[in-house]
Amino acid sequence: MDKITLERIEKLHPKVRKEARQIYDEICQALTGRAICRFAFTFRTIAEQDAIYAQGRTKPGKIVTRARGGYSWHNYGLAVDIVLIHDVDGDGDYDRAVWDVKTDFDGDKISDWMEVVQIFKSYGWDWGGDWKFSDPPHFQKTFGYSVRQLLALHQKKKIDPSGYVRI
Ligand SMILES: [Zn+2]
């Protein structure tokens, strides 16, 4: 169990918070080797999204996102990016972040990454690894909305006191 992940779950949309915690508990039970899962990114404001969209375009650096501010599910707290963190030497410290979808760290014949994918999918989340522009760390829960619809709600100020769109 990763404390940083628990804090990041609290930033998700209130409608998915409980479920995300449940998903995370299941993941923790499923991964029994030296790798654990961290939710690296959950919520990101539209302004933060604009800033990372600029990276590699109008600002220096590598391109890290295809989505402008308002067009990412992270802007509504309905997306999670995962990473595995690996305790390489078994001393209880997690030494390195791993974006490896294939390694079976816990020796149960399914790669740890794909175990996480199966758990998210079992709760009706979409996986970015299924897309044409593959984004394997990314999961989102859409509730049948498009991201444009959420942006429209946001622009019309259909938001709760904490700023999450009312869905
Ligand atoms: Zn993402």
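Residues numbered from 1 in each chain as written. Predicted model: local features only at pLDDT ≥ 70, side-chain atom pairs only at ≥ 80, totals over all residues. Heavy atoms only, no water.

Here we come to the overall build of the chain. Counting its secondary structure elements, the chain contains five helices and five strands. Taken against the 2.2 N^0.38 rule, which gives 15 Å for 167 residues, the C-alpha radius of gyration of the chain at 16 Å falls within 12% of a compact globule. Along the first, second and third principal axes, the C-alpha set of the chain runs to 50 × 35 × 30 Å. Sorting the 167 residues of the chain into buried and exposed places 41% on the buried side. Of the contacts made within the chain by residues no fewer than 6 positions apart, 56% connect residues no fewer than 24 positions apart. Accessible surface for the chain amounts to roughly 9300 Å². Of this, 51% is attributable to carbon and sulfur atoms. On the chain, the mean spot of the 26 positive side-chain charges and the mean spot of the 24 negative ones are 12 Å from each other. (Helix = DSSP H or I, 4+ residues; strand = E, 2+ residues; numbered from the N terminus. Rg over C-alpha atoms; globule rule 2.2 N^0.38 Å. Buried < 20%, exposed > 50% of the residue type's maximum accessible area, 1.4 Å probe, protein only. Contact = heavy atoms within 4.5 Å. Areas by Shrake-Rupley, 256 points an atom, 1.4 Å probe, with all protein chains shown as cover. Lys, Arg positive; Asp, Glu negative; His and termini not counted. Charge placed at Lys NZ, Arg CZ, Asp CG, Glu CD.)

Before going further, it helps to examine helix α5 (residues 147-155). The complete set of buried residues in α5 reads Val147, Leu150, Leu151 and Leu153. Take α5 and look down its axis: the buried residues cluster within an arc of 160°, on one side only. Structural note: α5 exposes Arg148 and Gln155 on the side pointing more than 90 degrees away from its buried face. Summarising the contacts, the buried residues of α5 are in contact with α3 (46-54). With its phi angle positive at about 60°, Lys157 sits one or two positions after the end of α5. (Arc of directions from axis to C-beta.)

So, about the pairing of strand β1 (residues 35-41). In terms of residue burial, β1 counts as a mostly covered element, since five of its seven residues are buried. Taken together, the six bridges between β1 and strand β2 (residues 79-86) define a ladder with antiparallel strand orientation. If you follow Arg38 over to β2, its bridge partner there is Val83. (Pairing = 2+ DSSP bridges.)

Another aspect to go through is the coordination of the zinc ion. Around the zinc ion, the protein contributes the donor atoms His74 (NE2), Asp81 (OD) and His138 (ND1), which lie 2.0 Å from the metal centre. All donors of the zinc ion belong to a single chain; written as a sequence motif, their spacing is H-x6-D-x56-H. Assigned by exposure class, His74 and Asp81 land together as buried. (Donors = N, O, S within 2.8 Å, 3.2 Å for Na, K, Ca; no water.)

Together, Arg57, Arg66, Arg68 and Lys132 make up a region of like positive charge exposed at the surface. Checked against the element boundaries, Arg66 lands in the loop between α3 and β2. (Patch = residues over 30% accessible without salt bridge, like charges linked within 9 Å, V, L, I, M, F, W, Y side chains within 5 Å. Salt bridge = Lys/Arg side-chain N within 4 Å of Asp/Glu carboxyl O.)

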